Amino acid sequence: MPKPEITNRNAGFFKKDLETMPPKKRVEYLNQKLRGVIQYAYKHSAAFKNKLDSVGLKPKDIQMIKDLEKIPVTKKTELMELQRKHPPFGGFEGVPISELRRIYVSPGPINEPGESEYNELGWAQGLYAGGFRPGDIVINTFSYHMVPFALQMVDNSLHRIGCVVIPTGVGNTEQQVNISKTLNVTGFCGTPSFLFNIAEKAEEMGFNLKEDLSLEVGFVAAEMLPESLRSQLEEKFGMIIRQAYGTADIRCLGYECMKKNGMHVPDDKFVEIVDPETGKQLGPGKTGEIVATTFNKVYPLIRFGTGDLSILTETLCPCGRTSPRLIKILGRVDQGTKVKGLFIHPGQVDEVASKHPEMAKYQVLVTRSEHKDEMTFRIELKEEISQPEKLKEEIERSIRDVTKLRSNVQFVPKGTIPDGAKKIEDHRTWE
Ligand SMILES: [Zn+2]
């Protein structure tokens, strides 16, 4: 089979008008979309109507983004509970069940309505921004069974771009290698670790990844993508790898462009970063929970809490897209804690450690004395060093850069921090 010739992977947009809207116009656009979905959901989604009624609000009270704060965040546990009471969707669906094409069942179990015409933008925008182009032959190695991601979202979005999909699903690594070779596959969709498996298997089978395979673009999701793994895979295959973020219920919430500059929020979603305890918007630059609102009438989730932590930035991206970006996914809300009013989480602790290769083991202790929070970074060094004070200062600076907090740094003898210790140990008592 001849290999398709595709150029211009680095430039262009899937929906230029939307992606490059001036920031002011974007706000107006989002406010208008928001009013539309609020009106619609109040009328058609029993769960959303109950939510607004429970706090004494009417749709007209939600006119703009800031008003969203008045609506309590819906947590996943609440969704699951309501689904158990009112199967299959807990009243969150926005159309009669007879109008659906499919019902998906994700782990939980959580049921998701599958519309007959899938026209959500996010994943297609992400695939395009990640370099997928018409004519690409793509193995879609996400799971096609039960869950909506591979079948409804990725498969349909590739089709919208004009790519040809081979629905390989997950597993069968050797067969995936053979398919990639014989069908001159140019694109990969799947988890980063599965792409790594394919690389290992292909090398084991005696293939040279660059010469014998034709992979040029990879779209990865559903797992953290360490930069070291990305660069290793990009180098081995000679391909571009970009990642995206989303969930089965709320769908695409962010995708990387060629600039690898965080993940652009798609134009059919609204994303807030909130204080996980109060649900108040934190604004750009602050760590908090990702809370999302979709403009999807089939499944109009409004202020849905993902339980994931991130930071939003509104600085302009050199790619030309004007949407805000999630800097990266930092971990889960329930693994973090608040110190002096700021949220810290294990991902930040690791980030500090990654800047100082001298560190062998580390743990953050949070304590409280005289009604003030204190944070202590306990560190076991790989070996004794000549200027511990200098290193201490450097680590203190890294902690300030990463967490915006001051912390004590304490070098402790080897064996002090137990194996498998929690990254953040909260020793505060509140009597
Ligand atoms: Zn960009």
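So, here's what we can say about the structure. What you are looking at is a predicted structure, and each value in this text was computed from that prediction instead of being measured.

The full count for this structure, using the stated rule, is one cavity of 30 Å³ or more. Counted as a void, the largest cavity has a volume near 60 Å³. If you trace the largest cavity, you find it lined by Ser-45, Ala-47, Phe-48, Lys-51, Thr-74, Phe-92, Pro-300, Leu-301, Ile-302 and Phe-304. By residue number, the principal contributor to the lining of the largest cavity is helix H3 (residues 46-54), which donates three residues. Grouping the amino acids of the lining of the largest cavity by side-chain chemistry returns seven nonpolar, two polar and one charged.

To continue, consider helix H8 (residues 192-204). The first and last C-alpha atoms of H8 sit 18 Å apart over 13 residues, in line with the 18 Å expected at 1.5 Å per residue. Within H8, burial applies to Pro-192, Phe-194, Leu-195, Ile-198, Ala-199 and Ala-202. For H8, the angular spread of the buried residues around the axis is 165°, confining them to a single face.

Evaluated as defined, the whole model comprises five aromatic pairs. Aromatic pair Trp-123 and Phe-149: ring centres 4.8 Å apart, planes at 65°, arrangement edge-to-face. Pair noted here: Trp-123 is in helix H5 (residues 122-129) and Phe-149 is in helix H6 (residues 148-161), with a separation of 26 residues, a long-range link. Looking at Trp-123, the relative accessible area reads 2%, which means it is buried. On the accessibility criterion, Phe-149 (16% relative accessible area) is buried. A ring pair is formed by Trp-123 and Phe-219, whose centres lie 6.3 Å apart and whose planes are at 85°; its orientation type is edge-to-face.

Reading the values: rules and limits
Each chain carries its own residue numbering, running from 1 in the direction its sequence is written. Two thresholds apply to this predicted model, a pLDDT of at least 70 for residue-level local features and 80 or more for giving and counting side-chain atom pairs, whereas whole-chain, interface and lining totals are computed over all residues. Values shown for side chains rest on all heavy atoms present in the structure; no hydrogens or waters enter the calculation. Put simply, the grid is 1 Å and covers the protein atoms alone, a cavity is a trapped set of points that fit a 1.4 Å probe, a pocket is an open set with protein on both sides within 12 Å along at least five of seven lines, and lining residues have an atom within 4 Å of a point. Grid points are joined across faces, edges and corners, and a volume is the space filled by probe spheres set on the points. Segments assigned H or I by DSSP are reported as helices when at least four residues long, segments assigned E as strands when at least two residues long, and all are numbered from the N terminus. Gly is placed with the polar residues, together with every amino acid not listed as nonpolar (Ala, Val, Leu, Ile, Met, Phe, Trp, Tyr, Cys and Pro) or charged (Asp, Glu, Lys and Arg). A helix is expected to reach a length of 1.5 Å times the quantity of its residues less one. Only protein chains enter the accessibility calculation, which uses a 1.4 Å probe; a residue whose area is less than 20% of its type maximum is buried, one above 50% is exposed, and one in between is partly exposed. Each direction from the helix axis to a C-beta atom contributes to the arc, which is the arc of those directions. Working definition: a ring pair exists when centres of Phe, Tyr or Trp rings (six-membered ring for Trp) sit within 6.5 Å. Plane angles under 30 degrees give stacked, over 60 give edge-to-face, the rest tilted.

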